[in-house]
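Below, each chain spelled out in residue letters.
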Amino acid sequence: MAVAETMLGLLEERPRHGYDLKQAYDRLFGERRPLRFGQIYATLARLDRDGLVRMEALEQEEGPERKRYGITAEGVADLDVYLREALDPKPGLHDELFTKVVLAITSGRDAGSLLQRQRSAHRSRMRELTASKRGADLLGVITADRDLFHLEADIRWIDLTEQRLDRLRKELTHA
């Protein structure tokens, strides 16, 4: 999972404190992939160091001081690149692809195009795997078949999610 890009996507919606980021993250992704507060603060520190976010305010209402972070133009550009690039098709891709779809929707980007690019990347990888089976030993064929079946399942998920994008967009933007 790309924690930094997820934080950028959540900050693009609006500036947030670390605690607010954790709540937004948990609402969207926490059930599938828990994240500790420490990881959020460490990620914010790295993003700030790299110029992708900046501390906009230091506030103290009740309790300790709270830093509110906002995304920079460089952070938006980084997020754009992340959301446009297809992931390398491999087992375990589903979690990160799910994250990218949710972030694309919540940030107002085109999740349909993202899914189309990913489907294309999957099909390309499937052609490579099919070609690799020619002349391969049995272990190579079995390994390629395993990867092909996973990629086929991902494509079914991509197709189904694409059909549900309008409903998902409504749910996520009205949550």
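Residues numbered from 1 in each chain as written. Predicted model: local features only at pLDDT ≥ 70, side-chain atom pairs only at ≥ 80, totals over all residues. Heavy atoms only, no water.

K.L.:
How should the overall build of the chain be read in this particular structure?
P.N.:
Across its full length, the chain holds 8 helices and 3 strands. The helix and strand sequence of the chain, counted from the amino end, reads α-β-α-α-β-β-α-α-α-α-α. Taken over 175 residues, the chain has a buried fraction of 41%. Contacts spanning at least 24 positions in sequence make up 59% of the contacts within the chain whose residues lie at least 6 apart. Within the chain, the 31 negative side-chain charges are centred at a point lying 3 Å from the centre of the 30 positive side-chain charges. (Helix = DSSP H or I, 4+ residues; strand = E, 2+ residues; numbered from the N terminus. Buried < 20%, exposed > 50% of the residue type's maximum accessible area, 1.4 Å probe, protein only. Contact = heavy atoms within 4.5 Å. Lys, Arg positive; Asp, Glu negative; His and termini not counted. Charge placed at Lys NZ, Arg CZ, Asp CG, Glu CD.)

K.L.:
Quick question: what am I supposed to make of the pairing of strand 3 (residues 66-71) here?
P.N.:
Looking along a regular strand, one sees the side chains alternate between the two faces of the sheet. Here 2 bridges tie strand 1 (residues 16-17) to strand 3, and the two strands are oriented antiparallel to one another. Across the sheet, Arg 16 pairs through a bridge with Tyr 69, a residue of strand 3. Strand direction decides the pairing type here: strand 2 (residues 53-59) and strand 3, joined by 6 bridges, are antiparallel. Among the inter-strand pairings, Arg 54 is bridged to a residue of strand 3, identified as Gly 70. (Pairing = 2+ DSSP bridges.)

K.L.:
Quick question: what am I supposed to make of helix 7 (residues 138-163) here?
P.N.:
Residues spaced three or four apart along an α-helix face the same direction, because each turn holds 3.6 residues. Along its 26 residues, helix 7 runs 37 Å from first to last C-alpha, staying within 8% of the 38 Å computed at 1.5 Å per residue. Within the sequence span of helix 7, burial applies to Val 141, Ala 144, Asp 147, Leu 148, Leu 151, Asp 154, Ile 155, Ile 158 and Thr 161. (Expected span 1.5 Å × (residues − 1).)

K.L.:
Help me understand the pattern of salt bridges, please; the structure alone is not making it clear to me.
P.N.:
When their charged atoms lie close together, side chains carrying opposite charge are able to pair. With the rule as written, the count across this model stands at 13 salt bridges. One salt bridge in this structure joins Asp 50 and Arg 49, with 2.9 Å as the shortest N-O distance. With relative accessibility at 47%, the residue Asp 50 sits in the partly exposed group. Here Asp 145 ties to Lys 133 by a salt bridge, and the two come within 2.6 Å at their closest N and O atoms. You can see Asp 145 sitting in helix 7 and its partner Lys 133 sitting in helix 6 (residues 111-133), a full 12 residues away along the chain. Since its relative accessible area comes to 21%, Asp 145 is described here as partly exposed. A residue is classified by how much of its surface remains accessible, and Lys 133, at 26% relative accessible area, is partly exposed. Here the residues in one salt-bridge network are Glu 12, Asp 80 and Arg 109, joined through shared partners. (Salt bridge = Lys/Arg side-chain N within 4 Å of Asp/Glu carboxyl O.)

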